[in-house]
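Breakdown of the fold
Okay, here's what each chain looks like letter by letter:
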Amino acid sequence: MVPDKTLPLDQILLGDCIETMNRLPARSVDLVFADPPYNLQLGGDLLRPNNSRVDGVDDEWDRFEDFSAYDEFTRGWLKAARRILKDDGALWVIGSYHNIFRVGAILQDLGFWIMNDVIWRKTNPMPNFRGRRFTNAHETLIWCTKGKDQKSYSFNYDALKSLNDDQQMRSDWLLPLCTGPERLKDAEGRKIHPTQKPEALLYRVLMATTQPGGVVLDPFFGSGTTGAVARALGRHYIGLERDPAYAAAAEARIAKVAPMREPDIVAIRSKRSEPRVPFGAIVERGMLRPGEVLFDERKRWSAKIRADGTLIAPSRDGGIQGSIHSVGAAVQGAPACNGWTFWHCTRDGMALPIDIFRQQVRAELAAG
């Protein structure tokens, strides 16, 4: 992926995010990740049971006159973000119950198309010290494309499945708050930024919806988590931040990150993008033989390989014939089946999925 050479890649730009985005080239950015002000509307100090003050969000940048002012601000930055996104680009925004529903309604009004809402469930949330509400133990992320009719966008399904022990990644993510050495602090031990996000959260977002070499823009850069993770994963970042102190801390943080430059480490390979290998090619090469019996992992069903690369499975009607996929679905009474992972064979006394032969052929094709 080759980014636009006119972009200020891997830089933090100081200033108003809307004005800065409006100066960038249209359709030039692959992903926008936004962690905007939450408009918490806090009234007074929040105290722990021991009367110590909770270090919450009471900064000027999180204060708006009213909901109307917040909505106007939200509409402005979302319009600017939509203009700079490529036609196959996407946007993530994170928020709490204070703002995420307002943001969601506005992005829909502007034409964005919501793909998922993701719940970040915190393993270590701050308690509700007053005991008058539930503990706020989650935040919500919205992932959306530029529009309903957008057919092309990045989603690395297989990479996310691999991260999740070969199970489909769900839309509820259990991750801890940013704590320990990852939390940026000043010389007096105080948090540099009150809402610093954990790198694990951004790692998952960027692994899911960007490609190596892609450009990720964060209009509310803060402590630079987006930039740190982008650099580590071989992506480019553009950070927009109006607070010089935050920008300086983020720049120092990112400078310490060693990017992963080895292509085999950074690359994300989708099974759908790999060369198609028909089952018949496996039979032709003698990796599996006509007449050999295949079975499912629990050995409930079996089928014989035919010379033309189809299978035949016993049934009351005399036999089910067809592809590895259609026969696998039929014996289970299922609407669909991935025959490559469903059917197994025996080699050296071990039951192995027949997909190992497809992967072997793909490796040969890549080497050739």
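In this report, we go over the structure that sits alongside the text.

Thresholds applied
- Residues numbered from 1 in each chain as written.
- Predicted model: local features only at pLDDT ≥ 70, side-chain atom pairs only at ≥ 80, totals over all residues.
- Heavy atoms only, no water.
- Helix = DSSP H or I, 4+ residues; strand = E, 2+ residues; numbered from the N terminus.
- Core = buried A, V, L, I, M, F, W, Y, C linked by side-chain atoms within 4.5 Å.
- Buried < 20%, exposed > 50% of the residue type's maximum accessible area, 1.4 Å probe, protein only.
- Contact = heavy atoms within 4.5 Å.
- Salt bridge = Lys/Arg side-chain N within 4 Å of Asp/Glu carboxyl O.
- Pairing = 2+ DSSP bridges.

**Quick word on the environment of P194**
Looking at the secondary structure, you find P194 in the loop between strand 6 (172-175) and helix 5 (199-209). Sequence-wise, P194 and R183 are eleven residues apart; in three dimensions their C-alpha atoms are separated by 9.8 Å.

**A word on the nonpolar core**
Ranked by internal contacts, the top residues of the largest apolar core, which has 34 residues, are W92, L141, L201, V205 and L206. Here this core gets six residues from one element, more than from any other, and that element is helix 5. Not counting the four nearest positions on each side in its chain, W92 is found in contact with L31, V32, F33, A34, V118, L141, I142, W143, W173, V205 and T209.

**Quick word on the pattern of salt bridges**
Opposite charge on two side chains allows them to pair when their charged atoms are near. Evaluated as defined, the whole model comprises 16 salt bridges. Its salt-bridge partner being R190, residue E188 comes within 3.1 Å of it at the nearest N-O pair. R190 carries the same exposure label as E188, and that label is exposed. For R347, the salt bridge goes to E292, with nearest N and O atoms at 2.7 Å. With a gap of 55 residues between them, R347 in strand 13 (residues 344-347) and E292 in the loop between helix 9 (279-284) and strand 9 (293-295) connect regions that are remote in the sequence. For E292, a relative accessible area of 11% puts it in the buried group.

**What about the pairing of strand 7 (residues 215-218)?**
By the alternation rule, side chains of strand 7 split into V215 and L217 and V216 and D218, which are all buried. With two bridges joining them, strand 2 (residues 29-34) and strand 7 adopt parallel strand pairing. Paired with L31 across the strands is V216, a residue of strand 7. Here strand 7 runs beside strand 8 (residues 236-241); their pairing, made up of four bridges, is parallel. Across the sheet, V216 pairs through a bridge with Y237, a residue of strand 8.

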